[in-house]
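Here's the letter readout for the chains.
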Amino acid sequence: MSPHTTSTPRFLDAVRPDRTDWLELPPQRTSVRAARHAMRARLAAWQVPEEACANAVLLVSELVTNAVLHTLSERILCGVQLMTDARFRLEVHDGDLTGRGIPDRCPGPDDEGGRGLLLVREIAEAWGITRSTLTGGNAVWASLGAGQHP
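The name given to the protein chain in an unreviewed UniProt entry is ATP-binding protein, with Streptomyces iakyrus as the source organism.

So, on to the overall build of the protein chain. Check the secondary structure of the protein chain and you find three helices and five strands. In sequence order, the protein chain lays out its α and β elements as β-α-α-β-β-α-β-β. Evaluated residue by residue, the protein chain yields a buried proportion of 39% over its 150 residues. In the protein chain, of all internal contacts separated by at least 6 residues, the share reaching a separation of at least 24 is 69%.

All chains considered together, the criterion is met by five salt bridges. In this structure, the salt-bridge partner of D21 is R42, at a minimum N-O distance of 3.9 Å. Of the two residues, D21 is situated in strand β1 (residues 20-25) and R42 in helix α1 (residues 30-45); the sequence distance between them amounts to 21 residues. The closest approach of N and O atoms between E50 and R40, which form a salt bridge, is 3.1 Å. Of this pair, E50 sits in helix α2 (residues 50-70) while R40 sits in helix α1, placing them 10 residues apart in sequence. With a relative accessible area of 36%, R40 lands in the partly exposed category.

What follows is about α2. A rise of 1.5 Å per residue sets the reference length of α2, with its 21 residues, at 30 Å; its end C-alpha atoms lie 30 Å apart and thus fit the reference within 8%. Looking only at α2, the buried set comprises A52, C53, A56, V57, L59, V60, S61, L63, V64, A67 and V68.

Membership of the largest hydrophobic core comes to 32 residues, with the highest contact counts inside it found for M39, L43, V64 and F88. Elements supplying a minimum of two residues to this core: α1, α2, β2 (76-84), β3 (87-93), α3 (116-123) and β5 (138-145).

All right, on to α1 then. In a regular helix each residue adds 1.5 Å, so 16 residues correspond to 22 Å; α1 covers 23 Å between its end C-alpha atoms and thus fits that length. Of the residues making up α1, those classed as buried are S31, V32, A35, M39 and L43. One face of α1 carries all of its buried residues, which in axial projection span an arc of 100°. Those residues of α1 that are exposed and aimed more than 90 degrees away from the buried face are T30, R33 and A45. Contacts from the buried residues of α1 go to β1, α2, β2 and β3. Phi turns positive, to about 60°, at Q47, one or two residues after α1.

Turning to unusual backbone geometry, a few remarks are in order. At Q47, a residue that is not glycine, the phi angle is positive and equals roughly 60°. Mapping Q47 onto the fold places it in the loop between α1 and α2. Taking the relative accessible area as the measure of exposure, Q47 reaches 52% and is therefore exposed.

This part is about the sheet that holds strand β4 (residues 126-131). Spatially, five strands are ordered β1-β2-β3-β5-β4 in an open sheet, and the strand pairing comes out antiparallel. Unpaired on one side and paired on the other, β1 and β4 mark the two borders of the sheet. This sheet shows a mean twist of 15° between the axes of neighbouring strands, independent of strand direction. Pairing between β4 and β5: six bridges, direction antiparallel. Bridged to A126 within β5 is S143. Its contacts with the sheet put α1 on β1, β2 and β3, and the angle it makes with β1 is roughly 165°. Of the strands in this sheet, β1, β2, β3 and β5 touch α2, which is tilted by about 15° from β3.

The rules behind the values
Residues take numbers from 1 onward in each chain, read along the sequence in its written order. With pLDDT at 70 or above as the cut-off, local features in this predicted model cover only qualifying residues; side-chain atom pairs require 80 or more to be listed or tallied, and sums for whole chains, interfaces and linings still use all residues. The side-chain values count all of the structure's non-hydrogen atoms but skip hydrogen atoms and water molecules. Here a strand is any run of E in DSSP of at least two residues, a helix any run of H or I of at least four, and the numbering for each starts at the N terminus. Residue burial is assigned from relative accessible area. The probe radius is 1.4 Å, only protein chains are included, and a residue is buried under 20% of its type maximum, exposed over 50%, and partly exposed in between. Throughout, a residue-residue contact means that at least one pair of heavy atoms, one from each residue, lies within 4.5 Å. The rule for a salt bridge is simple: a side-chain nitrogen of Lys or Arg has to be within 4 Å of a carboxyl oxygen of Asp or Glu. Here, expected helix span is obtained from the residue count minus one, scaled by 1.5 Å. Side-chain atoms within 4.5 Å link the members of a nonpolar core, which is a set of buried Ala, Val, Leu, Ile, Met, Phe, Trp, Tyr and Cys residues. The arc refers to the directions leading from the helix axis to the C-beta atoms. Strand pairing requires that DSSP identify at least two bridges connecting the strands. Axis definition: a line fit to C-alpha positions, over the contact stretch in the case of helices; interaxial angles, taken between N-to-C directions, run 0 to 180 degrees.

Structure below.
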């Protein structure tokens, strides 16, 4: 499975701290729940519509789960930035220094896992994987539409 990229990846920055939020997490299963709650709270504060918020929470859950289960990370960084009133970007950076990237998965109908990146591909407007300059591991990013504010 190849990530869909639309341009050279660029990491979130703190130029607009009112529109950027980072969370550092330990590589534990409980971090998935923490990431979901933090994402929902941040997007609600930015008044992102519920449907877009739900999609972002699902994606961050899948990406943090992948980082926890499939990498040897000491920490995981989870970021979100409101790019415009109509778009935002998620990033999850792991600390996997093996350089092996994200493995291709072809889950069977009875497999309980292996569908996280398939969900990302279906929900995100664009997404990709690159090496993280923040952790040295993988950086998986996804861009989503935020819809119109009320």
